[in-house]
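Summary of structural features
Chain residues, written in single-letter form:
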Amino acid sequence: KDYHEKYVGDIENMKPKGQGTITSPDGDKYEGEFKYGKKHGQGTFTFPSGFKYVGEFKDGEMWNVTKHNKDGKYVGEFKDGGIWNGIVYDKNGNFIGKWVNGVKQ
């Protein structure tokens, strides 16, 4: 099997820089800005399931993003791959919960 990611976009020194799209073999897709070969700036990360993270990426990681899915959305920060400081809303925009330093309040 081929496990290489596919990249279409601007490059500098053979690394993604500027606007581009990267797609992995499992269906993950990132569309947005790159810097020094990493996701950096405004972008959208979409999982095969349809979940989307929209917002700011820094040094390849999600920074300040909104998580969208069919059940609602999360607005806030992520740390170590998990929800950190933010708020979860249902699909109608009603408040569900708040997280502070990774702990649901």
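Residues numbered from 1 in each chain as written. Predicted model: local features only at pLDDT ≥ 70, side-chain atom pairs only at ≥ 80, totals over all residues. Heavy atoms only, no water.

Next up on the list: the overall build of the protein. Assigned secondary structure in the protein consists of zero helices and 10 strands. Along the protein, from the amino end to the carboxyl end, the secondary structure elements read β-β-β-β-β-β-β-β-β-β. Considered along the principal axes of its C-alpha atoms, the protein spans approximately 45 × 25 × 20 Å. Approximately 7200 Å² of the protein is accessible, and the part contributed by carbon and sulfur atoms is 50%. Averaging the positions of the 17 positive and the 15 negative side-chain charges in the protein gives two centres separated by 4 Å. (Helix = DSSP H or I, 4+ residues; strand = E, 2+ residues; numbered from the N terminus. Areas by Shrake-Rupley, 256 points an atom, 1.4 Å probe, with all protein chains shown as cover. Lys, Arg positive; Asp, Glu negative; His and termini not counted. Charge placed at Lys NZ, Arg CZ, Asp CG, Glu CD.)

Below, the discussion takes up unusual backbone geometry. The backbone of Asn 13 sits at a positive phi, close to 55°, despite the residue not being glycine. With respect to the helices and strands, Asn 13 occurs in the loop between β1 (6-12) and β2 (15-23). With a relative accessible area of 69%, Asn 13 lands in the exposed category. Located in the positive-phi region is Asn 101, a residue other than glycine, with phi close to 50°. (Buried < 20%, exposed > 50% of the residue type's maximum accessible area, 1.4 Å probe, protein only.)

Enumeration over the complete set of coordinates arrives at five aromatic pairs. A ring pair is formed by Phe 47 and Tyr 53, whose centres lie 5.5 Å apart and whose planes are at 70°; its orientation type is edge-to-face. According to the relative accessible area criterion, Phe 47 is partly exposed, its value standing at 28%. Judged by its relative accessible area of 9%, Tyr 53 is buried. Of note, Lys 39 hangs over the ring of Tyr 30, and the distance from its end group to the ring centre comes to 5.8 Å. The positively charged end of Lys 58 is found above the aromatic ring belonging to Trp 63, 4.5 Å away from the centroid. (Phe/Tyr/Trp six-rings, centres within 6.5 Å; stacked < 30°, edge-to-face > 60°. Lys NZ or Arg CZ within 6 Å of the ring centre and 35° of its normal.)

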